[in-house]
Amino acid sequence: MAVKAKKAVTPVENLTKAQAKVELTRLALEISMHDERYYQKDAPTVSDADYDKLRQRLSAIEKRFPELVAKDSPSQKVGAQPSRAFAKIRHAVPMLSLGNAFSDEDVAEFATRVRRFLNLGADEPLVIVAEPKIDGLSLSLRYENGELVSAATRGDGFEGEDVTANVRTIKDVPHTLKGKNVPAICEVRGEVYMMREDFLALNKKQAEADDTIFANPRNSAAGSLRQKNVEVTASRPLKFFAYAWGEMSEMPAPTQFEMVKWLHKAGFVVNPRMTLCRDVEALLTYYREVETERASLPYDIDGVVYKVDRLDWQNRLGFVSRSPRWAIAHKFAAEQATTVLEKIDIQVGRTGALTPVARLTPVTVGGVVVQNATLHNEDEIARKDIREGDTVVIQRAGDVIPQVVSVVTEKRRKNAKPYSFPHKCPNCGSHAVREEDEAVRRCTGALICPAQAVERLKHFVSRLAFDIEGLGDKQIQEFYDDGLIMHPVDIFTLQKRDARAVRKLKDREGYGDVSVNNLFAAIDARRRIELNRLIFALGIRHVGEGNAKLLARHYGSMENLRAAMAEAAAAQTEEGNTSEAYADLNNIGGIGDIVADAVVEFFAEKRNVKALDELLAEIEVLPAEQVRTDSTVAGKTVVFTGSLTKFTRDEAKAQAERLGAKVSGSVSKKTDYVVAGEEAGSKLTKARELGVAVLTEDEWLKLIEA
């Protein structure tokens, strides 16, 4: 059913809960796509400003409806899977990104949140370190007994690319740490970057050699570090600022500021603009000073970073899935330019979503030539009254495609017509419809639409899913067009079918015996797959990387998941689902009814089950990896209720999750412990009715310290 154009752009404060759920889903899908392009490919396709607006809206909705925050929300995760071009290194301590502040009010709110979480008195000082935010590539250096042993990029925050050999060529990275009291294990983290002057000189050299021209210093630094030829990296003028750490066998200092000073003494270059601030006013003053100096700095920055100084407070504050509670990045404003929007193209995604893309007359913004922009959906086009041929204001703040900010209506052609969004799929001609409260129009030809089939296969082999080397988007498209891979199982039967085929793969253009054998070996290497990767690869709507991990962790095996979903599907009625299996699924922290319904519907579809059975006959699914197994509450389900006095609710939840417990918002038969504070209500009553163990705060503390 069609909806009015204004409905999807309702101000956050006017959204209903149902609208908020749908909007969060849309935003999560779009942000996830942009994260992959930025972190994996160093080739983002949306501007920093456009990306930040998506995150701002998502954050505002989650703030208004905290109960809708999903574990796989973009606010809960970081980065993307590391490139397949390098070996992988697992980070001993995750490398998380930072939350963003875009206004003075956001900074003040950050300080208030910290104080509230720590339960600080009004007179108790809160010292925060401020430093410029370098626009480069994050890097983690591991030293053992003072010697550099490995270097890895951030990757997806948990696993990065092994760039040790390349990093050894960077002069700012010491091979041996200085000082007598160097920790036995010391992971130093910071940013690889390139001076603006060096960047311009490199591009001039590249142009003379008719070689790759980099968009900006960040891209050139990332591209230089990720060279397969170490000599190329050695020839590039890369720099490194140290400002953080990962695993440390002991801490040389008790504060952020003193730790960075120690890093400098150990041999690293640190940013001399780092300073201490004792109130919000000082933070904002520093921000404006750095913003004023931005153009005169010899390197690119895109904001200022604030970090709580005391490390014991950082430990108490802990992390959310995507970022630390004790730090935030205050971003700078975006750059703008005007150009002509020549045409609006429609792209069809793997879920059938029709996404409009603006084709622009190429224009240089901040030294980068841009010619495309996403327009999000038909409501965005209608709200801004964007028409083909319009002169538009575009905005960017980095190395990527801009967003269309507004139309210069006084320059509009007299014969310009309002854009009519297609109601038929441009790929297969099927009807394209919008569900009520949906911002996206989708093709209904799921089983016949080639765009969806191909995109689902591309998703299946993507880095967060099966991640098969040599079988990327280009190869999937070619094999699909030639009828070689039409369904996921076809990937794993390709070698058998090729043996019987008249025309062999090795005879295809661009292939040979070596490349084909390498492809078959890469496919065989993925016949053993982690449960969470398989769940993600299935392409279940609303199930991203985070939710796939939640489901895998909760059910442990594909057999358990399928059995539970079969029970839930059997009980599904038009009035709802009252089965215990559905309730158990819906009670997983971060899942919710939208995701639960999507998962049940997927397994209720016989064709999906048939396709899954065929796939499982060719692969082995590994059991889920548990977060922690060495604590007394690892794997237990805990519910906190009532007014807590020993710690705040957020702190209690974060601590429990760090110990491997599952924190739920409701009590069920599967709940192991209910921690009851003062004035506990219905949850305490239900716990007693079900015979669930009820603990006081002191008993809980004693339990987790055992």
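Here, the structure is the one placed above.
Scope of this entry: the structure provided in the associated data block. (Residues numbered from 1 in each chain as written. Predicted model: local features only at pLDDT ≥ 70, side-chain atom pairs only at ≥ 80, totals over all residues. Heavy atoms only, no water.)

Let's shift gears to the overall build of the protein chain. Looking only at helices and strands, one finds 25 helices and 24 strands in the protein chain. Counting only C-alpha atoms, the protein chain reaches 75 × 70 × 60 Å along its principal axes. Counting only residues that meet the buried cut, the protein chain has 52% of its 706 residues in that class. With an accessible surface of roughly 32,500 Å², the protein chain has 49% of that area assigned to carbon and sulfur atoms. With 100 positive and 104 negative side-chain charges, the protein chain shows a separation of 2 Å between the mean positions of the two kinds. (Helix = DSSP H or I, 4+ residues; strand = E, 2+ residues; numbered from the N terminus. Buried < 20%, exposed > 50% of the residue type's maximum accessible area, 1.4 Å probe, protein only. Areas by Shrake-Rupley, 256 points an atom, 1.4 Å probe, with all protein chains shown as cover. Lys, Arg positive; Asp, Glu negative; His and termini not counted. Charge placed at Lys NZ, Arg CZ, Asp CG, Glu CD.)

Attention shifts here to the sheet that holds strand β2 (residues 99-101). The strand order across the open sheet built from five strands is β2-β11-β10-β3-β9, with neighbouring strands paired in mixed fashion. Strand pairing shows two members of the sheet lacking a second neighbour, β2 and β9 (275-277), which therefore form its edges. Across this sheet, the average inter-strand angle for adjacent strands is 35°, counted without regard to direction. Pairing of strand β10 (residues 301-308) with strand β11 (residues 327-331), which is carried by five bridges, proceeds in the antiparallel orientation. Along β11, the bridge assignment pairs Val304 with His330. Against the sheet, helix α3 (residues 104-118) touches β2, β3 (128-134), β10 and β11, its axis set at about 175° to β11. (Pairing = 2+ DSSP bridges. Axes fitted to C-alpha atoms, helices over the stretch in contact; angles between N-to-C directions. Contact = heavy atoms within 4.5 Å.)

Before going further, it helps to spend a moment on the pattern of salt bridges. All told, the structure shown has 42 salt bridges when counted by the stated rule. Residue Arg383 is joined to Glu380 by a salt bridge in which the shortest nitrogen-to-oxygen separation is 3.4 Å. Here Glu380 and Arg383 lie together in helix α11 (residues 378-384), a separation of three residues that amounts to about one turn. One salt bridge in this structure joins Glu545 and Lys549, with 3.2 Å as the shortest N-O distance. You can see Glu545 and its partner Lys549 sitting in helix α18 (residues 545-555), four residues apart, about one turn around the helix. A residue is classified by how much of its surface remains accessible, and Glu545, at 12% relative accessible area, is buried. The exposure class of Lys549 is partly exposed, given its relative accessible area of 26%. Salt bridges sharing partners connect three or more residues here, namely Arg142, Glu144, Glu187, Arg189 and Glu247. (Salt bridge = Lys/Arg side-chain N within 4 Å of Asp/Glu carboxyl O.)

Here the focus is the packing of aromatic side chains. Within this structure, the stated rule accounts for 13 aromatic pairs. Here Phe460 and Phe466 contribute two aromatic rings whose centre-to-centre distance is 4.4 Å and whose plane-to-plane angle is 20°, an arrangement assigned as stacked. The burial state of Phe460 is the same as that of Phe466; both residues are buried. On the basis of an interplanar angle of 90° and a centroid distance of 5.5 Å, the ring pair of Phe640 and Trp700 is categorised as edge-to-face. With a gap of 60 residues between them, Phe640 in strand β21 (residues 637-641) and Trp700 in helix α25 (residues 697-705) connect regions that are remote in the sequence. The same class applies to Phe640 as to Trp700, namely buried. Each member of the aromatic cluster is reached from another via a ring pair, and the members are Tyr143, Phe240 and Phe268. (Phe/Tyr/Trp six-rings, centres within 6.5 Å; stacked < 30°, edge-to-face > 60°.)

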